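Now for the letters of each chain:
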Amino acid sequence: MTEQNGTIESHPVHHGEVAETYPPNAEFKAQARVNDPSVYWRAAQDPEGYWADEATNLQWTKPFTEILDWSNPPFAKWFADGELNVSVNCLDRHVAAGLGDRVAIHFEGEPGDARSITYAELTHEVKRAANMLTSLGVTAGDRVALYMPMIPETVISMLAVARLGAAHSVVFGGFSAESLRARIDDAEAELVITADGGYRKSRVSALKPTVDDALALHGGGSTVQKVLVVERTKNDVTMEPGRDLWWHEEITAYDGDHEAQGFPAENPLFILYTSGTTGKPKGILHTSGGYLTQVSTTHRNVFDLKPETDVYWCTADIGWITGHSYVVYGPLANGATQVIYEGTPETPTWGRWWEIIQKYGVSIFYTAPTAIRSFMKIGRQVPEQYDLSSIRVLGSVGEPINPEAWRWYREVIGAGSAPIVDTWWQTETGAMMIAPLPGLTHLKPGSAQAPLPGISATVADDDGNPVSNGQGGLLVVQRPWPAMVRTIWGDDERFKETYWEKFGDRYFAGDGARLDEDGDLWLLGRVDDVMNVSGHRLSTAEIESALIENHAVAESAVVGADDPTTGQAVVAFCVLKESYLTDHVNTEGLDQELRVFVGKQIGAIARPRNVYIVAELPKTRSGKIMRRLLKDIAEGKEIGDTSTLADTMVMSTIQDQVIGKK
Ligand code: WT7
């Protein structure tokens, strides 16, 4: 590949498709933090040495002498004899370096309230909060659950918990009382931090009442002793005496003196639950030193961060891994200035995000393909009304970005010149794994391209052999990486089975992938029963179990059907109970009822796009539901091979029932 300034080179990739490549322009390359291609092979020679060098960018209270301990796979330890305080690395050390006056967070509330918080102020608030949590009994090794809107107190709480050596478990504010309770119970959290509510779509979205409901479930007895409530929306809430406390009342008793202690590098930092192939979410455990090393390194290198001048904005909610790694820990460890926005992109108008970029001069912008596709639908005339000239790097995460959305993003948001970094990673990987480096990579729309320096990932066939260029297979990570999941909380066996059984001591990611003729990596989506809706992971099994909780439903099958905006959409097929059918001649409206029911059971993100009531589900002779055939129906495609069905007629019956509904 030759380097041609700002021009597009074209060459065939496969099946006669043509993928264009976009080399970095000379000006960008010259100023880039990483612009020497030898970084790849140098890191490949000695990956552990590479990560050890990166780890020394952090401040250790006790320096490490060990790098990787892989003596007991798949349980990795990184920098195990070192000690550090994660919160100090994100705060105090920047203040000590004279950067206290730098803005850490430009907070923009949905109603338009705004406040900018410097590193000195953030450090002060976290110290006070740490003192408050200490007097509420939080100590190293404890778990604290957070159920919060996107406000500065969420960041403050996470850093205060981390400062004490305790672990947080953030539960996304869109999850139901049931889902929240399951996560509280699994982690045995003794404290919940929440808010009265947050602002979403010009309305108050209440949070505290859901915490009350969660704690009242299953007869009320839970591990939770105290609930700390931030006042944000002033909606009516009930405060249970002895259990519930207002943050703003409690905090007044505490000053900003707090001497933080170092904790071992493998001290748990957080648990974050994610959907798997069974109904029960997995508590992904991340620890301290390796995690902070990889999130900070990737945040600097992949976004070409210049903390003195850049204004960074990642639109992810803190309730997801992207919010943990690239709103909280990566940017703050790097001393970056960032925007945090509370609300939704269309409130009050579809111009809101672009207005925020203009207002703060955002230079690095990180969002999801599903958002880009929504903006495409509304049209370029909206962003074109704003001055987006501050933007110099664009990022994408959560699902493959289709080339059409890639080009629109680059042209309309990135003035036709900003590099786009398509970052592949997962809750389990903790940090980015496969992504371009904007000063080096010849970008290809739709491809995440190459493993980052220090990461060894490839595409393998079913037997674990690497495939050649031009072929597809399964994505495998070949060597341990610093930010990797350490286990599934409380379930080492499930951890081994889920990720390590297939390929021995190599990590099976659950994604299909393909190498093109140049050896660039293309992600092809999940190969298991996990769906990806708007960049969020949902489990078919979890939604199926929610549906059969309903008194009308006997059996259900859920599939992720291709959707032009959300990537995939949840489509459910339900067989009703005989007893229900005897009592109800007319099932009109039941599909809507079931959609709402799933939303209540799990959370609005899991609400199916369609629920089809059918007489039967397609099954093999051994009784296995053939979801693949249901997916064809949901996508309006020709139905695939039905020869293994016990009853081949069932598909035409289902199709008639679905078409009758459309
Ligand atoms: C799954 C992980 C990474 C934080 C957000 C989602 C899919 C993620 C990409 C990408 C293609 C992607 C994969 C992965 N995915 N990023 N750039 N290109 N696919 O985290 O909920 O843990 O989901 O999201 O299928 O396995 P998550």
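Starting from 1, residues in each chain are numbered consecutively following that chain's sequence as written. The model is predicted, so local features are restricted to residues of pLDDT at least 70 and side-chain atom pairs to those at 80 or more, both for listing and for counting; the totals for chains, interfaces and linings are taken over all residues. Calculated side-chain values reflect all of the structure's heavy atoms, with hydrogen atoms and water omitted.

- If you check an unreviewed UniProt entry, the protein chain appears there as Acetyl-coenzyme A synthetase from Leucobacter exalbidus.
- UniProt positions are given in the numbering used here, feature names are shortened, and annotations may be inferred rather than shown by experiment. The heading Cofactor (unreviewed entry) in the UniProt record of the protein chain holds the text "Mg(2+)".
- Here the protein chain is described in UniProt, under the heading Catalytic activity (unreviewed entry), as follows: "acetate + ATP + CoA = acetyl-CoA + AMP + diphosphate".

**Observations concerning the pattern of salt bridges**
Point 1. Any Lys or Arg side-chain nitrogen found within 4 Å of a carboxyl oxygen on Asp or Glu counts as a salt bridge. As enumerated under the stated definition, the model contains 42 salt bridges in all.
Point 2. We note a salt bridge from Arg 181 to Asp 185, for which the minimum N-O separation is 2.8 Å. Here Arg 181 pairs with Asp 185, and both are found in helix α8 (residues 177-187), just 4 residues apart, close to one helical turn.
Point 3. Any residue under 20% of the maximum accessible area for its type is buried, any over 50% is exposed, and the rest in between are partly exposed; the area is computed with a 1.4 Å probe on protein chains only. Residue class for Arg 181 comes out buried when judged on its relative accessible area of 2%.
Point 4. Overall, Asp 185 belongs to the partly exposed group, its relative accessible area being 31%.
Point 5. Sharing partners across several salt bridges, the network here consists of Lys 208, Asp 212, Glu 240, Arg 243 and Asp 244. Numbering goes from the N terminus for both helices and strands, where a helix is a DSSP run of H or I of at least four residues and a strand is a run of E of at least two.

**What to know about the site of the ligand**
Point 1. Any residue with at least one heavy atom within 4 Å of a molecule or strand is counted as near it. Around the ligand there are 18 residues in total, and Asp 422, Thr 423, Thr 427, Asp 511 and Arg 537 lie nearest to it.
Point 2. Polar contact criterion, stated in full: a pair of N or O atoms within 3.5 Å, where within protein one must be able to donate a hydrogen and the other to accept it, and residues adjacent in sequence count only if both atoms are side-chain atoms. Between an oxygen atom of the ligand and a side-chain N or O atom of Gln 426, the distance comes to 2.9 Å.
Point 3. Asn 532 has a polar side-chain atom sitting 3.5 Å from an oxygen atom of the ligand.
Point 4. When the ligand sits alone it has 550 Å² of accessible area, and the protein chains cover 96% of it.
Point 5. Of all the elements in the fold, those that place two or more residues in the shell around the ligand are α12 (321-333), β22 (420-423) and β27 (521-526).
Point 6. Of the residues in the shell around the ligand, the class split is 6 nonpolar, 7 polar and 5 charged. Computed with the Shrake-Rupley method and a 1.4 Å probe, the accessible areas treat only the protein chains shown as cover for residues. In this classification, Asp, Glu, Lys and Arg are treated as charged, Ala, Val, Leu, Ile, Met, Phe, Trp, Tyr, Cys and Pro as nonpolar, and every other residue, Gly included, as polar.

**Details of the UniProt feature "domain: AMP-dependent synthetase/ligase" (unreviewed entry) in the protein chain**
Point 1. The UniProt record annotates "domain: AMP-dependent synthetase/ligase" (unreviewed entry) at residues 94-481.
Point 2. Between the first and last C-alpha atoms of residues 94-481 the distance is 26 Å; the span itself is 30% helix and 23% strand.

**Observations concerning unusual backbone geometry**
Point 1. For the peptide bond that leads from Pro 73 to Pro 74, omega is 5 degrees, which places it in the cis range.
Point 2. Mapped onto the elements of the fold, Pro 74 is located in the loop between β3 (68-69) and β4 (77-78).
Point 3. At the junction of Thr 347 and Pro 348, the peptide bond is cis and its omega measures out at -5 degrees in the coordinates.
Point 4. Positioned with a positive phi, Lys 201 is a non-glycine residue whose angle comes to about 50 degrees.
Point 5. Tracing the sequence through the fold places Lys 201 in the loop between β11 (197-200) and β12 (203-206).
Point 6. Its identity is not glycine, yet Ala 415 carries a phi of approximately 50 degrees, on the positive side.
Point 7. Checked against the element boundaries, Ala 415 lands in the loop between α15 (403-413) and β22.
Point 8. For Ala 415, a relative accessible area of 65% puts it in the exposed group.

**Quick notes on the packing of helix α11 (residues 289-302) against α12**
Point 1. Note on geometry: axes are C-alpha line fits, over the in-contact stretch for helices, and angles between N-to-C directions span 0 to 180 degrees. It is the contact of α11 with α12, at a shortest axis distance of 8 Å, that shows an interaxial angle of 85 degrees. What the angle tells us is that α11 and α12 run roughly perpendicular. Judged by residue contacts, Tyr 291, Leu 292, Val 295, Ser 296, Thr 298 and His 299 of α11 engage His 324, Ser 325, Tyr 326, Tyr 329, Gly 330, Pro 331 and Ala 333 from α12. Each angle receives one of four descriptions, namely roughly parallel if under 35 degrees, roughly antiparallel if over 145, roughly perpendicular if within 65 to 115, and oblique otherwise. What makes two residues a contact is simply this: any of their non-hydrogen atoms within 4.5 Å.

**Observations concerning the confidence of the model for the protein chain**
Point 1. With 97% of its residues at a pLDDT of 70 or more, the protein chain has an overall mean of 94.
Point 2. Long-range and interchain partners of residues 1-16, a stretch whose pLDDT sits below 50, account for 38 contacts in this model, where long-range means more than four residues apart.
Point 3. At the level of chain-chain contacts, confidence expressed as ipTM amounts to 0.99, with global pTM at 0.94. The pLDDT score gives, residue by residue, the confidence of the prediction method on a 0 to 100 scale.

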